[in-house]
Amino acid sequence: FILPNDHVDVILTRRDAAAEGRGEEVFLSETILENVRVLAVDQTLGEKDGQKVVVGRTATLALAPQQAEMLALARQLG
């Protein structure tokens, strides 16, 4: 569970293009940002096993401009 003011690492997971050329499906992961502060997490009500639960899918992070650029690039890659 991630809450505002928590600190998180951001991991990029992507397909390995070289492996795809060989007909294999290989994924690579790397940590691209470390110890990033969470500003907010969206919250919507959902239902699981007949019970109401709060679900968060989007987190707003406190990033420097260079970190934001790295995250935007990572989004395109993976």
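Residues numbered from 1 in each chain as written. Predicted model: local features only at pLDDT ≥ 70, side-chain atom pairs only at ≥ 80, totals over all residues. Heavy atoms only, no water.

Novice: Would you mind going over the overall build of the protein chain with me for this structure?
Specialist: Helix and strand counts for the protein chain come out as two helices and five strands. Helices and strands appear in the protein chain in the N-to-C order β-α-β-β-β-β-α. In terms of C-alpha radius of gyration, the protein chain reaches 16 Å, well past the compact-globule figure of 12 Å for 78 residues. Along the first, second and third principal axes, the C-alpha set of the protein chain runs to 45 × 35 × 15 Å. Looking at the protein chain alone, contacts between residues at least 24 apart form 45% of all its contacts between residues at least 6 apart. (Helix = DSSP H or I, 4+ residues; strand = E, 2+ residues; numbered from the N terminus. Rg over C-alpha atoms; globule rule 2.2 N^0.38 Å. Contact = heavy atoms within 4.5 Å.)

Novice: Looking at this model, I keep getting lost on the nonpolar core. Mind explaining?
Specialist: Soluble, globular proteins show a tendency: their nonpolar side chains are buried together. If you look at the biggest cluster of nonpolar residues, it comprises eight residues: V8, V10, L12, I32, L33, V36, V38 and A74. Only β1 (7-15) and β2 (27-41) provide two or more residues apiece to this core. With four residues, the top contributor of residues to this core is β2. Every residue in contact with L33, bar those within four places of it in the chain, is listed here: V8, D9, V10, L63, Q67, M70 and L71. (Core = buried A, V, L, I, M, F, W, Y, C linked by side-chain atoms within 4.5 Å. Buried < 20%, exposed > 50% of the residue type's maximum accessible area, 1.4 Å probe, protein only.)

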